[in-house]
Amino acid sequence: MLEAVGDRKYISVDELKHITRMGMGPCRGKRCIARARGVLKAHGIELTGDATPRAPLSNQVTLGDVYTEGRKEVYIFPKGNDVQHEEVKVFIAGGGISGSGLFRYFGEAGLKPVMVNWSRGASWRNIGGGRPAFSNPDIADIAQHSHEIFKGIQKVHNINYKPTHYVNLVHDEATYKALDASRAWSDAYMVDRKDFKKEISPLWDDTRDTYSHALITRDCWQATPGRVIDYIRGIGVSLGGRYYEDCELLSVWRKGDKVVALVRNHEGKYIEYTCGHFVNAMGWGAEKFTDMLGIDTGLYPVKHQAFITRRLPMMGPNGGALDMIIDRRHYKGFSAVYGQQFEHTGQIIGCASPDTDAYETRQNIKYNSKEFLEIVSQVFAEWIPGLKEVSFLACWAGRYTEPRYIVDPEVGLLTGLRGHGFMLGQYLAKLYVDKYLGREVPSYMKDLALSGHGLSENAFK
């Protein structure tokens, strides 16, 4: 055995096995390797690495077993649980803010939609803010129309709506130019660092020079997401629509010019909905069902994290709530840190957006990362030092969908809202239904179509 090793100082476990087969019979188990390790070590030779498992001698799966053209999964049901069948005009998969908006507007069109929702998605745990401040004027237009919808709801139902400002902090020349240019299509003004205590918070730490200016955008808002969703769903129900919670979409397929959606409801019963129009409004997870229908979207989910504090006194200007403050530096693995104070509770709620979306794709959302907790703690405490003494009430994670909005009734998609669903979803749902009904829509709807170029938004993502 030692002759086969020669003058080398290290050999691997696999090579040892090969040598022992030649020189002293098969080497099996840990005892054999331990014995050989001792012999080699006495001669100054170190055994390294682990054994690799032997590859299978044969694999009985053929290519034809894996690739079966024209075949699809077949669901086999227990005898006592027969599948129910129902025909509907419109079926909406996904009950977040955009899906619930579709439910409302299809209801107002007299189409009595059916909507199903599974789990509590991003619309239920977002930070409740809206803004018209975008680098793209078309997206700003969508936001302004969305704001009108929020204001209209507040007139008839309390959603804790409050007009606010968005404070975009300037840390370099490029950010200054992008923010300053956006003033052409938004109601905003630029302030110098010396005015931060007056314009942002009397508690602001003005000894730091991290930021030179801040763009303060008017005509922004906050509201409670759950109250908004409950209200707009209620409109759909009052007009003959039906929605089902904890109802899982299992499969979709085409049947002539219609789509069949197989779902399992919260009682474990299976229902096949044959629908004249199927809308995928699921946000992340939408791609599973677009694939079933042969639609390639290029969408992917990104983990996004948030926090909320305990109740606090008002910290904004003139004794009001702290407006939404945003730091858009690419710093410590994040591209933006932002948050606001809810006027009706005094709690600060905030997020941090990842710098590299690809890294966060499919990350586990059951926990918050140490890096997230560190970045929000640092940035918020540097803004207002007194927040160092404030505890997190809760932290959580969800998903938003990148890289572009898709609003296209031709293929049945309202998805990919990039974390902008709460502020844009209702108006996008209205545009979707208007286009479906043949009504006049803005010219940028062609860009929102699956075949369009999308609406680019990078500076104020």
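Model, not experiment: these values are computed from the prediction.

> Honestly, the overall build of the protein in this entry has me stumped. Any pointers?
The helix and strand tally for the protein stands at 14 helices and 19 strands. Taken over 461 residues, the protein has a buried fraction of 51%. Considering only contacts in the protein between residues 6 or more positions apart, those separated by 24 or more positions represent 71%. Just so you have it, the protein exposes about 22,900 Å², and 50% of that area is on carbon and sulfur atoms.

> I keep staring at the side chain of Gln378 and nothing clicks. Help me out?
Here Gln378 is to be found in helix H12 (residues 370–383). A polar atom in the side chain of Gln378 sits 2.8 Å from the side chain of Lys332.

> Would you mind showing me how to read the nonpolar core here?
Here is a general trend for soluble globular proteins: nonpolar side chains tend to be buried in one another's company. Among the nonpolar cores identified, the biggest contains 42 residues, and Leu102, Phe106 and Leu448 are the most heavily contacted of them. Elements that contribute at least two residues to this core include exactly strand E3 (84–93), helix H5 (97–108), helix H6 (137–156), helix H9 (225–238), helix H13 (421–436) and helix H14 (445–448). Looking at this core element by element, the count peaks at nine residues for H13. The next biggest cluster of nonpolar side chains, apart from the first, holds 28 residues, and it includes Leu169, Leu322, Ile325 and Val390.

> Explain H5 to me, please; I cannot follow it from the model alone.
Structural remark: α-helix, 3.6 residues per turn; residues separated by three or four positions point the same way. Spanning 12 residues, H5 covers 16 Å between terminal C-alpha atoms, matching the ideal 16 Å at 1.5 Å per step. Burial of H5 is extensive: 11 of the 12 residues sit out of reach of the surface. Buried within H5 we find Ile97, Ser98, Gly99, Ser100, Gly101, Leu102, Phe103, Arg104, Tyr105, Phe106 and Gly107. Backbone geometry just downstream of H5 places Gly110 in the positive-phi region, at approximately 80 degrees.

> What is the right way to look at the pattern of salt bridges in this model?
Between side chains of opposite charge, a pair can form when the charged atoms approach closely. As enumerated under the stated definition, the model contains 18 salt bridges in all. One salt bridge in this structure joins Lys258 and Glu87, with 3.4 Å as the shortest N-O distance. Highlighted residues: Lys258 in strand E11 (residues 258–264) and Glu87 in strand E3, separated in sequence by 171 residues. Taking the relative accessible area as the measure of exposure, Lys258 reaches 30% and is therefore partly exposed. Accessibility expressed as a relative area gives 61% for Glu87, which makes it exposed. With a shortest N-O distance of 3.1 Å, Arg104 and Glu108 are connected by a salt bridge. A residue pair is termed a helical-turn pair when its members lie 3 or 4 positions apart in one helix, as Arg104 and Glu108 do in helix H5 at four residues. Within this structure, Asp205, Arg208 and Glu382 form a network of salt bridges that share partners.

> Honestly, the packing of H6 against H13 in this entry has me stumped. Any pointers?
Two numbers describe a pair of packed helices, the interaxial angle and the distance between the axes. Remark: H6 packs on H13, axes separated minimally by 8 Å, with the N-to-C direction vectors making an angle of 90 degrees. Considering the angle they form, H6 stands roughly perpendicular to H13. Each of Ile139, Ile142, Ala143, His145, Ser146, Ile149, Phe150 and Ile153 in H6 lies in contact with H13, whose residues at this interface are Phe422, Met423, Leu424, Gln426, Tyr427 and Leu428. Among the residues forming the contact of H6 with H13, the class breakdown is 11 nonpolar, three polar and no charged.

> For this particular structure, what's the right way to read the packing of H5 against H9?
As a packed pair, H5 and H9 sit with axes 7 Å apart at the nearest point and diverge in direction by 25 degrees. Our classification of the angle between H5 and H9 gives roughly parallel. Crossing of H5 against H9: the hand is left-handed. Packed against H5, whose contacting residues are Ile97, Ser100, Gly101, Phe103, Arg104 and Glu108, the element H9 presents Val228, Ile229, Ile232, Arg233, Ile235, Gly236 and Val237 at the interface. Partitioning the contact of H5 with H9 into residue classes produces seven nonpolar, three polar and three charged.

> What should I look at first to understand the pairing of strand E13 (residues 300–309) in this one?
Remember that side chains alternate between the two faces of the sheet whenever the strand is regular. In terms of burial, E13 is largely enclosed, as nine of its 10 residues are buried. By the bridge criterion, 10 bridges tie E13 to strand E17 (residues 392–402) in an arrangement that is antiparallel. Residue pairing in the sheet places Pro301 in a bridge with Thr401 of E17. In terms of strand pairing, E13 meets strand E16 (residues 348–354) through four bridges, oriented antiparallel.

> Help me understand unusual backbone geometry in this model?
A negative phi angle is the norm for most residues apart from glycine, just as the trans form is the norm for most peptide bonds. Looking along the chain, the bond that leaves Glu402 and enters Pro403 is cis, with omega of 5 degrees. Within the secondary structure layout, Pro403 lies in the loop between E17 and strand E18 (406–408). Phi at Lys332 is positive, roughly 55 degrees, even though this residue is not glycine. Positionally, Lys332 belongs in the loop between strand E14 (324–327) and strand E15 (334–341). Residue class for Lys332 comes out exposed when judged on its relative accessible area of 55%.

> Explain the packing of aromatic side chains here, please?
All told, the structure shown has 12 aromatic pairs when counted by the stated rule. Ring geometry for Phe150 versus Trp221: centroids 5.4 Å apart, planes at 45 degrees, classification tilted. Placement of Phe150 in helix H6 and of Trp221 in strand E8 (residues 213–222) is noted, with a sequence separation of 71 residues between them. Across this residue pair, the class does not change: Phe150 and Trp221 are buried. Measuring from centroid to centroid gives 5.9 Å for Trp204 and Trp383, while their planes differ by 20 degrees, and the two rings are stacked. A residue pair is termed long-range when its members are at least 10 positions apart, and Trp204 in the loop between helix H8 (196–199) and E8 and Trp383 in helix H12 qualify at 179 residues. Neither Trp204 nor Trp383 differs from the other in exposure class; each is buried.

So, how was this worked out
- Each residue is numbered by its place in its chain's sequence as written, counting from 1.
- The model is predicted, so local features are restricted to residues of pLDDT at least 70 and side-chain atom pairs to those at 80 or more, both for listing and for counting; the totals for chains, interfaces and linings are taken over all residues.
- Hydrogens and waters are ignored; side-chain quantities use all the structure's heavy atoms.
- Comment: elements are numbered from the N terminus, with helices defined as DSSP H or I runs of at least four residues and strands as E runs of at least two.
- The cut-offs for exposure are 20% and 50% of the maximum accessible area for each residue type, with area from a 1.4 Å probe on protein chains only; residues under the lower value are buried, those over the upper are exposed, and the others partly exposed.
- Contacts are assigned to residue pairs that have any heavy atoms within 4.5 Å of one another.
- The method behind every accessible area is Shrake-Rupley, applied with a 1.4 Å probe, and residues are considered shielded solely by the protein chains displayed.
- Contacts described as polar in this section are N or O atom pairs within 3.5 Å, which, within protein, must combine one atom able to donate a hydrogen with one able to accept it, while residues neighboring in sequence count only if both atoms come from side chains.
- Each nonpolar core is a collection of buried residues, namely Ala, Val, Leu, Ile, Met, Phe, Trp, Tyr and Cys, held together in the definition by side-chain atoms within 4.5 Å.
- Helices are assigned an expected span. That span is 1.5 Å times one less than the residue count.
- Should a side-chain nitrogen of Lys or Arg be within 4 Å of a carboxyl oxygen of Asp or Glu, the pair is scored as a salt bridge.
- Convention adopted: a line fitted to C-alpha atoms gives each axis, helices being fitted over their contacting stretch, and angles between N-to-C directions are expressed from 0 to 180 degrees.
- Put simply, angles under 35 degrees are roughly parallel, angles over 145 are roughly antiparallel, angles from 65 to 115 are roughly perpendicular, and the rest are oblique.
- As a working rule, the residues Ala, Val, Leu, Ile, Met, Phe, Trp, Tyr, Cys and Pro are called nonpolar, Asp, Glu, Lys and Arg charged, and the rest polar, with Gly in that last group.
- For any helix crossing, the convention is left-handed if the near helix is rotated counterclockwise from the far helix by under a right angle, and right-handed if that rotation is clockwise.
- Strand pairing follows a simple DSSP-based rule, namely that at least 2 bridges must link the two strands.
- Any two of the Phe, Tyr and Trp rings considered here, Trp counted by its six-membered ring, make a pair once their centres fall within 6.5 Å; the pair's planes then place it as stacked at under 30 degrees, edge-to-face at over 60, or tilted in between.

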